[in-house]
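# Coordinate analysis (summary)
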Amino acid sequence: MNTPTNCESCAMHNKANLVKLGINLDEVDYVIAMAGNPNTGKSTVFNNLTGLRQHTGNWPGKTVTRAEGGFVFNDKRYKMVDLPGTYSLLSTSTDEEVARNFILFGQPDVTVIVVDATRLERNLNLVLQILEITDRAVLCLNLMDEAKRNNLEIDVRVLSKELGIPVIPASARRRQGMTELLQAVEEVATGKYVCRPHKIKGRSAKLNNAISKLENSLAKQFPNLTNTKWVALRLLEGDDSIIEAVRTGDLGSISAGESGIQA
Amino acid sequence: MDKTTHHNREEILTAANTARWELGLDFHDTVIESIYSDASQIARKTVKLKGDKEAYATDITIDKIVTSRWLGFPLMFLLLALVFWLTIAGANYPSGLLSSVLIDYLHPLLKQAATFIHMPWWMSGILIDGAYMAAAWVIAVMLPPMAIFFPLFTLLEDLGYLPRVAFNMDNLFRKAGAHGKQALTMSMGFGCNAAGVVAARVIDSPRERLIAIITNNFSLCNGRWPTQILIATIFIGSMASPQLAGVVSAGAVVGIAVLGIFFSLVVSWGLSKTVLRGEASAFTLELPPYRPPRIWQTLYTSLIDRTIFVLWRAIIFAVPAGIVIWLVANVHIGDLSLAEYFINWSDPFALFFGLNGVILLAYIIAIPANEIVIPTILMLTVLSSKMAGVGGGSGVMFELDSTADIAGVLQTGGWTLLTGLNLMLFSLLHNPCSTTIYTIYKETKSLKWTMVSTFLPIVLGFVICFFTTQLWQFFGW
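Reference entry: report on the structure contained in this document. Please read all numbers here as calculations on a predicted model, not as lab measurements.

Parameters and conventions
- Residues numbered from 1 in each chain as written.
- Chains lettered and ligands numbered in written order.
- Predicted model: local features only at pLDDT ≥ 70, side-chain atom pairs only at ≥ 80, totals over all residues.
- Heavy atoms only, no water.
- Helix = DSSP H or I, 4+ residues; strand = E, 2+ residues; numbered from the N terminus.
- Contact = heavy atoms within 4.5 Å.
- Areas by Shrake-Rupley, 256 points an atom, 1.4 Å probe, with all protein chains shown as cover.
- Buried < 20%, exposed > 50% of the residue type's maximum accessible area, 1.4 Å probe, protein only.
- Axes fitted to C-alpha atoms, helices over the stretch in contact; angles between N-to-C directions.
- Parallel < 35°, antiparallel > 145°, perpendicular 65-115°, else oblique.
- Left-handed = near helix turned anticlockwise from the far one by under 90°.
- Nonpolar A, V, L, I, M, F, W, Y, C, P; charged D, E, K, R; others polar.
- Phe/Tyr/Trp six-rings, centres within 6.5 Å; stacked < 30°, edge-to-face > 60°.
- Buried area = accessible area lost by both parts, 1.4 Å probe.
- Salt bridge = Lys/Arg side-chain N within 4 Å of Asp/Glu carboxyl O.
- Polar contact = N/O pair within 3.5 Å; in protein donor to acceptor, adjacent residues only side chain to side chain.
- Pairing = 2+ DSSP bridges.
- Core = buried A, V, L, I, M, F, W, Y, C linked by side-chain atoms within 4.5 Å.
- Right-handed = clockwise from strand over helix to strand, strands pointing away.
- Patch = residues over 30% accessible without salt bridge, like charges linked within 9 Å, V, L, I, M, F, W, Y side chains within 5 Å.
- 1 Å grid on protein atoms, 1.4 Å probe; cavity = no way out; pocket = protein on both sides within 12 Å on 5 of 7 lines; lining within 4 Å.
- Points joined across faces, edges and corners; volume = space filled by probe spheres on them.
- Expected span 1.5 Å × (residues − 1).
- Arc of directions from axis to C-beta.

### What about the overall build of chain A?
- Secondary structure assignment for chain A yields eleven helices and eight strands.
- For chain A, restricting intrachain contacts to residue pairs at least 6 apart in sequence, the fraction spanning at least 24 positions comes to 69%.
- Carbon and sulfur atoms make up 46% of the accessible area of chain A, which totals about 10400 Å².

### Quick word on the overall build of chain B
- Looking only at helices and strands, chain B features 19 helices and three strands.
- Out of the 477 residues in chain B, the part that is buried amounts to 53%.
- Restricting the contact set of chain B to residue pairs at least 6 apart, pairs at least 24 apart contribute 76%.
- For chain B, the computed accessible surface area is about 21900 Å², with 70% contributed by carbon and sulfur atoms.

### Some points on the packing of helix H10 (residues 228-237) of chain A against helix H2 (residues 27-46) of chain B
- One way to put it is that H10 of chain A packs onto H2 of chain B with a least axis distance of 10 Å and a crossing angle of 140°. For the element pair H10 of chain A / H2 of chain B, the angle class is oblique. Between H10 of chain A and H2 of chain B lies a crossing whose hand is left-handed. For the pair H10 of chain A and H2 of chain B, the contacting residues are Leu233, Leu236 and Glu237 of chain A in the first and Phe27, His28 and Val31 of chain B in the second.
- Here the residues of the contact of H10 of chain A with H2 of chain B are counted per class, giving four nonpolar, one polar and one charged.

### So, the packing of aromatic side chains
Residues and elements named next belong to chain B.
- Applying the stated criterion to the full structure yields 17 aromatic pairs over all chains.
- Look at Trp121 and Trp326: their rings are 5.9 Å apart centre to centre, the planes differ by 50°, and that puts the pair in the tilted class. On the criterion of sequence distance, the pair formed by Trp121 in helix H5 (residues 121-159) and Trp326 in helix H12 (residues 295-330) is long-range, its members being 205 residues apart.
- On the basis of relative accessibility, which here comes to 60%, the residue Trp121 falls in the exposed class.
- Ring geometry for Phe466 and Phe467: centres 5.5 Å apart, planes at 70°, overall edge-to-face.
- Linked through ring pairs, Phe349, Phe352, Phe353, Tyr363, Phe426, Phe462, Phe466 and Phe467 together constitute an aromatic cluster.

### Brief notes about the interface of chain B and chain A
- At the junction of the two partners, chain B supplies 66 residues and chain A supplies 73 residues.
- Summing both partners gives a buried area of about 6300 Å² for chain B against chain A, and 58% of it is carried by carbon and sulfur.
- Our count for the contact surface shared by chain B and chain A stands at two salt bridges.
- With a shortest N-O distance of 2.7 Å, Glu162 of chain A and Lys45 of chain B are connected by a salt bridge.
- At the junction of chain B and chain A, the tally comes to ten residue pairs in polar contact (both at pLDDT 80 or more).
- Put simply, the parts of the chain that give the side of chain B that touches chain A at least two residues each are helix H1 (6-23), H2, strand E1 (47-49), H5, helix H6 (162-175), helix H7 (182-189), helix H8 (193-199) and H12 of chain B.
- Per-element accounting of the side of chain B that touches chain A gives the leading share, 15 residues, to H2 of chain B.

### Some details on the environment of Ala250 of chain B
All names here are of chain B.
- Of note, Ala250 is situated in helix H11 (residues 242-273).
- Relative accessible area serves as the criterion here: at 2%, Ala250 is assigned to the buried category.
- A sequence separation of 161 residues divides Ala250 from Ala89, and the C-alpha atoms of the two residues are 9.3 Å apart.
- Aside from chain neighbours lying at most four places away, what touches Ala250 is Ala81, Phe84, Trp85 and Ile88.

### A look at the pairing of strand E3 (residues 67-73) of chain A
Residue and element names in this part refer to chain A.
- The element E3 is extensively covered by neighbouring structure, given that six of its seven residues are classed as buried.
- Direction of pairing for E3 relative to strand E4 (residues 76-82): antiparallel, over a ladder of seven bridges. From the neighbouring strand, Ala67 faces E4, where its bridge partner is Asp82.
- The turn joining E3 and E4, which pair antiparallel and follow one another in sequence, is formed by two residues; a positive phi near 45° is taken by Asn74.

### Some points on the nonpolar core
- Among the nonpolar cores identified, the biggest contains 98 residues, and Val138, Met169, Trp225, Ile359, Ile377 and Phe426 of chain B are the most heavily contacted of them.
- By residue number, the principal contributor to this core is H5 of chain B, which donates 14 residues.
- If we ignore the near neighbours within four places in the chain, the residues touching Ile377 of chain B are Val358, Ile359, Ala362, Leu410, Trp415 and Leu423 of chain B.
- By size, the runner-up hydrophobic cluster in this structure holds 91 residues, among which are Val114, Val231 and Leu251 of chain A together with Ile42 of chain B.

### Notes on the pairing of strand E6 (residues 137-142) of chain A
Residue and element names in this part refer to chain A.
- Along E6, six of the six residues are buried, which leaves the element largely enclosed by surrounding structure.
- Residues of E6 alternate between two faces, with Ala137, Leu139 and Leu141 on one and Val138, Cys140 and Asn142 on the opposite face, all of them buried.
- Alignment of strand E5 (residues 110-116) against E6, held across six bridges, turns out to be parallel. If you follow Ile113 over to E6, its bridge partner there is Leu139.
- Of the crossover connections in this fold, the one passing from E5 over helix H5 (residues 120-133) to the parallel E6 is right-handed.
- Of the pairings in the sheet, the one linking E6 to strand E8 (residues 167-169) comprises three bridges and is parallel in character. By the bridge assignment, Leu141 is partnered in E8 with Pro169.

### Thoughts on a nonpolar patch on the surface
All names here are of chain B.
- Where nonpolar side chains cluster on the molecular surface, the patch consists of Tyr441, Leu447, Met451, Phe455, Val459, Val463 and Phe467 and spans about 700 Å² of accessible area.
- Ranked by the residues each element gives to the nonpolar patch, the list is headed by helix H19 (residues 447-474), at six residues.
- Residue classification places Leu447 among the exposed positions, given a relative accessible area of 59%.

### Some thoughts on empty space enclosed by the protein
Residues and elements named next belong to chain B.
- Applying the stated rule across the entire model yields six cavities of 30 Å³ or more.
- Taken as a whole, the largest cavity holds about 150 Å³ of empty space.
- Estimates place the volume of the second largest cavity at around 70 Å³.
- Along its surface, the second largest cavity is lined by Phe84, Thr87, Met142, Pro145, Met146, Phe149, Asn222, Trp225, Pro226 and Ile229.
- The element best represented in the lining of the second largest cavity is H5, accounting for four residues.
- Split into classes, the residues belonging to the lining of the second largest cavity amount to eight nonpolar, two polar and no charged.

### Things to note about H1 of chain B
- The first and last C-alpha atoms of H1 of chain B sit 26 Å apart over 18 residues, in line with the 26 Å expected at 1.5 Å per residue.
- Arg9, Ile12, Leu13, Ala16, Ala19 and Leu23 of chain B are the residues of H1 of chain B that are buried. An end-on view of H1 of chain B places all buried positions within 125° of arc, on one side of the element. Relative to its buried face, H1 of chain B has exposed residues pointing more than 90 degrees away, namely His7, Trp21 and Glu22 of chain B.
- For H1 of chain B, the elements touching its buried residues are helix H9 (205-221), H10 and helix H11 (240-248) of chain A together with H2 of chain B.
- Gly24 of chain B occupies a position one or two residues after H1 of chain B and carries a positive phi of about 95°.

Structure follows, in C-alpha cells:
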C-alpha cells in the first residue's frame with residue numbers, strides 16, 4: 001500500500017483534483033457503486049465526494065433507495081451510486097435486492113465497500129459475499145477515529161493482502177482518507193491495480209464440482225456474464241429471483257449494460 | 001440473447017435442481033458457515049485490542065440502562081418530553097417576534113402599497129390577505145419550533161438513540177403481529193409520514209410492510225406538532241399555574257404522541273388478526289455504537305436540510321390554501337359567504353362528535369398540508385362568530401400576539417376544553433396529508449390499500465371523538 005505523503009493528505013491537494021458534480025451525471029467515464037453494512041457511513045462518504053447532502057444519521061436503514069451523484073477526479077468523470085446498507089446479499093427484502101441487483105446487473109466499474117472498523121468481523125461477511133460477485137472493489141475502512149477511541153488496532157496491509165483489494169483507512173465524518181480512497185478507486189478503475197479477490201475456502205469437492213458444471217453451461221448460454229460462479233451458487237441454493245432471471249433470459253441482457261432486473 | 005433458447009435455459013435450471021438434491025439439505029448452512037469462518041479468520045489476523053480495557057464498556061453500560069425492562073420506557077418518555085418542553089419554551093419569543101415583523105408591520109405596508117398602485121380590492125385581497133398572510137403565518141408559527149425541534153431530534157439520532165427506541169418497542173410490535181422494524185418507520189413518521197412510508201421498505205414481508213404503511217399516520221408528524229403544541233398550551237397548560245404551564249402542555253403533547261403509538265399497535269394487531277393475517281417474522285436489529293455527534297455539522301444539516309425543506313413545502317401549500325380561504329370567506333351567495341354556508345350546514349353533525357363546523361372546514365382546506373390548520377381555524381372562527389375588533393376583516397388570516405388572545409377568540413367562538421381535547425385527538429386521527437397519500441399509492445401500487453390508509457384513521461378519529469364527547473357529557477364535566 002502506498003502511504004500518503006503530507007502533500008497528498010493535505011486539503012489543498014484534494015481540492016485541486018476533486019470537483020464535486022452533485023447530480024450532474026453527463027458522459028461519465030466510470031460508474032462506482034457504494035455498498036456496505038447499514039450504518040457504516042456510506043452516505044457520509046457519498047456526500048463528501050459528490051457534494052450532495054443525502055441525509056445521514058446513526059440509524060441502520062437510512063438509505064432505502066439508491067442515490068446517485070457525480071464527481072470529477074484527475075479529469076475523469078465518475079458516477080457514484082449509494083446503495084442501501086445490507087447485512088448480506090442472500091435475502092430478499094427490497095433494500096437488499098436493490099443493492100445486489102445493482103452490483104450484479106449494473107456492472108459498476110468499481111465497488112467501494114464501506115465497513116465499520118470497529119465491527120470488522122461482522123462487516124467482513126458482506127465483504128466476502130460482494131467479492132464473490134465482483135472482482136473490482138476497494139475497501140473503505142471507515143470510522144477509524146471510533147476504532148482508535150475504542151483501542152482497536154487494525155493491520156491494514158495484512159487485511160489488504162487477505163482480501164486482495166486495496167484497503168483505505170478513513171474517517172468520513174472528519175473528511176479523512178477521502179483523497180486516498182479516490183486514488184485507490186482510480187487505480188482499480190483504470191486497471192493499474194489488479195484485484196485478486198479472496199475466494200471462500202472450505203467448500204466441499206462435491207459442491208465445487210457442481211458449481212463448475214453449472215458455470216460451464218451458464219457461460220455457454222450467457223457469454224457476457226462475468227460472475228458465473230456466483231450465479232451458479234445462487235441457482236444451487238434455489239434463489240428465486242436468479243432462477244427467474246435465467247428463465248426469462250434477463251441474465252443475458254446485462255451485456256448491454258442495463259439492469260435486467262428492476263429494483 | 002439470440003443464441004439463448006428457452007429450452008437451453010430450462011435445462012440449466014433442471015441441472016441445478018438435480019444437483020441441489022444431490023448436495024443434501026445442510027448445503028445452504030455450509031455455504032454460510034464457510035463465509036463466516038473465513039471472515040472470522042481474517043478478522044483474527046488483522047484486529048488487535050490495545051490495553052486490557054474491554055472495548056465498548058461504556059456503551060454496554062448505557063445500553064443496559066436505556067433498554068432496561070423498567071427504565072427503558074420511562075426514560076424514553078422523559079427524553080421525548082424534554083425535547084418538547086425545550087421546543088415549546090424556546091419557540092415562544094421568536095414566534096412573537098416574527099409575527100410582529102411579518103404581520104403587524106409588513107402586512108399593513110403591503111396593503112398601503114396596493115392602494116397606492118390602485119390594485120383592485122379583490123386582487124389585493126387574494127394576494128395579500130390570502131396568499132401572503134397564509135405564508136407569513138406558517139413562517140411565524142412553524143419556523144421557530146422546527147428550528148429547535150429538528151436539531152434536537154437529529155442530535156438524538158446521530159448519538160444512536162433511535163435504534164434503542166426500536167429495540168424497546170420491538171416486543172410490543174411483535175405481539176401485535178407486526179414487524180419489529182416498524183418501530184423504526186414509526187420514529188421516522190414523527191418527522192414526516194411520507195418519509196416513514198418510504199422507510200417501510202426495510203421490512204421484508206409484504207404483509208408487515210403494508211401494516212407499517214397503513215399505521216404510519218398514527219405517528220404525529222411535523223405538520224401536526226405545532227397544532228398539538230398550541231392547543232395544549234391554550235386549553236391544557238392554562239389550567240395549571242404559569243410556572244408549570246410549559247411542563248403540563250409538554251406532558252399533554254407527549255400523551256397524544258403516546259396515544260398515537262398505542263393506536264399504531266392496536267390497529268396493527270387488528271389488521272394482522274383480520275385482513276392481513278400472519279405471523280411476525282424475526283429479524284436482527286443492530287444497536288450501533290454511540291457516536292459523539294458533531295454538533296455544528298448536525299445543526300447545519302438539520303437546519304438546512306430539514307427545517308428549510310419542510311418550511312418551503314409548507315409555504316408552497318399555504319399560498320394556494322390562503323387564496324382558497326380568502327375566496328370562501330368573501331364569495332357570497334345571498335347574505336352568507338361560502339364558508340358560513342358550510343359551517344352552518346356541518347355544525348350539527350360536527351357537534352355530535354364534539355368538534356365544530358369550523359374544524360371540519362379547516363381540515364378540508366388543509367388536506368394538502370396539515371401545517372395550516374390552526375391559522376385556518378382562527379380565521380374561520382372569527383368570521384363565523386362575527387367578532388368585532390379582532391383580525392383584519394373577512395378572510396384575513398391574522399396573528400394574535402399571545403396565546404391568551406388566541407384563547408379569547410376561541411372561547412368567544414364557543415370552544416371549550418372538550419373542543420380543544422377533541423381537536424388534539426382529531427389532529428392525531430385523521431386522513432394523511434396529500435403528499436403522504438400519494439406516497440402510499442406509489443409504494444403500494446394499490447388503490448385499495450391507499451383508500452384504507454386514508455379512511456381508516458378518519459373513521460377512527462370520529463369514533464374516538466364521539467366516545468370522548470359522550471363520556472365527557474355523561475360525567476357532566
